[in-house]
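Notes for the structure review
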Amino acid sequence: QTLDLKSLNDLFNYFGTDKGTKVINPYYKNAKDTIGHGYAKYYEEHLNTFRDKNINLLEIGTWEGGSTAAFYHYFKKAKIFCLDINFKFKFFSNRISFINCNTTLDSDIKKLEKFLTKNNSDFFDIIIDDGSHVYSEILSNFEIFFKKVKPGGLYIIEDFNAYKSYQYLNDAKKNFLDIENILECLKSKKNFNSPFFSDIFKDFCFEEISDIKINKGDTSNNGINISGISFIKKKLNKNE
């Protein structure tokens, strides 16, 4: 398929992913309802340097594959790996691999590891977590997958503050730090307590993270912005 769409936002909207500015809401029957996080401007700012390179990209949470299709056309040389717990994925290409995977299950993670090793893709230039958005799962995914980011690569967390608006996503106890506060601590290398981060992993983050950018998109629910997106950059080398 050849598309005359130059901007990532046009691709997001064309393929119907809520990463764009305006798409039909897939979660409601009323076809007039539209949603859009407006993430394209942030993605283009941070990912433009990867656009013409041979990269590995991993998406955690793909639904039917709208964002995967957009990234396929944006990154002409990328190998894209997609994880989801459903089988609704509907796009096919020799540059796309879909893996049914529940990242909360050790057995699924082990199967994923074997699959990636078999395909010589143990590490990624870009990893995007657009999965469950459950507080604990965002943090556990980060501990599992950030180690797989290549030097100079990016780990991206979408909708990291949605749990504040939707109770079914919020399994944080009252004394748990907000995810945004955790990200700020990681950026400033300030120690913090979290049941989802081992001391070893915290030290790894303090050593390996070069920068964290936190942006807000366009979508709100009950007056709370639920379009938080963070770009966590891994050091290119130890001197960075």
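Heads up: the structure comes first, above all this text.
The notes below deal with the structure included here. Bear in mind the structure is a predicted one, so any value in this text is a computation, not a measurement. (Residues numbered from 1 in each chain as written. Predicted model: local features only at pLDDT ≥ 70, side-chain atom pairs only at ≥ 80, totals over all residues. Heavy atoms only, no water.)

**A few points about the sheet that holds strand E6 (residues 124-129)**
The test is simple: DSSP bridges decide pairing: two strands pair if at least two such bridges lie between them. Put simply, DSSP H or I for four residues or longer makes a helix, DSSP E for two residues or longer makes a strand, and each gets a number counted from the N terminus. Helix axes are fitted only over the stretch in contact, all axes being lines through C-alpha atoms; the angle between N-to-C directions runs from 0 to 180 degrees. Any two residues whose heavy atoms approach within 4.5 Å at even a single point are treated as in contact.
What the seven strands build is an open sheet, ordered E5-E4-E3-E6-E7-E11-E8; its pairing is mixed. Both outer strands of the open sheet, strand E5 (96-100) and strand E8 (209-216), are each paired with one neighbouring strand and no more. Each strand axis lies, on average, 15° off the axis of its neighbour in the sheet, ignoring direction. Two elements, strand E4 (residues 79-84) and E5, share five bridges in a ladder whose sense is parallel. From the neighbouring strand, Asp84 faces E5, where its bridge partner is Asn100. Where helix H4 (residues 106-118) meets the sheet, its contacts fall on E4, E5 and E6, and the angle it forms with E5 comes to roughly 155°. Contacts from helix H6 (residues 179-188) reach E8 and strand E11 (228-234), with the element oriented near 150° to E8.

**Considerations on the state of the cysteines**
So the rule is basically this: In plain terms, two cysteine sulfur atoms within 2.5 Å form what is called a disulfide here. Only protein chains enter the accessibility calculation, which uses a 1.4 Å probe; a residue whose area is less than 20% of its type maximum is buried, one above 50% is exposed, and one in between is partly exposed.
All told, the structure shown has zero disulfides when counted by the stated rule. The thiol of Cys82 is unpaired, and the distance to the nearest cysteine sulfur, on Cys101, comes to 12 Å. Unpaired in this structure, Cys205 has its nearest cysteine sulfur neighbour in Cys185, at a distance of 12 Å. Overall, Cys205 belongs to the buried group, its relative accessible area being 0%.

**A short note on the side chain of Asn141**
With respect to the secondary-structure elements, Asn141 resides in helix H5 (residues 135-145). Residue contacts for Asn141: discarding those within four places in its chain leaves Ile60, Thr103, Asp129, Phe146 and Tyr155.

**As for the pattern of salt bridges**
For side chains of opposite charge, pairing can occur when their charged atoms come near one another. The condition is simple: The term salt bridge refers to a side-chain nitrogen of Lys or Arg lying within 4 Å of a carboxyl oxygen of Asp or Glu.
Under the definition given, this model contains 10 salt bridges. With its nearest N and O atoms 3.4 Å apart, the salt bridge here joins Lys150 to Asp125. Taken as a pair, Lys150 in strand E7 (residues 149-158) and Asp125 in strand E6 lie far apart in primary sequence, 25 residues in all. Salt-bridge contacts for Lys164 lead to Asp178; the nearest nitrogen and oxygen are separated by 3.5 Å. Here Lys164 is found in the loop between E7 and H6, whereas its partner Asp178 is found in the loop between E7 and H6, with 14 residues between them in sequence. Under the relative-accessibility criterion, Lys164 is labelled partly exposed at 37%. For Asp178, a relative accessible area of 30% translates into the label partly exposed. Taken together, the shared-partner salt bridges in this structure form one network comprising Lys19, Asp130 and Glu158.

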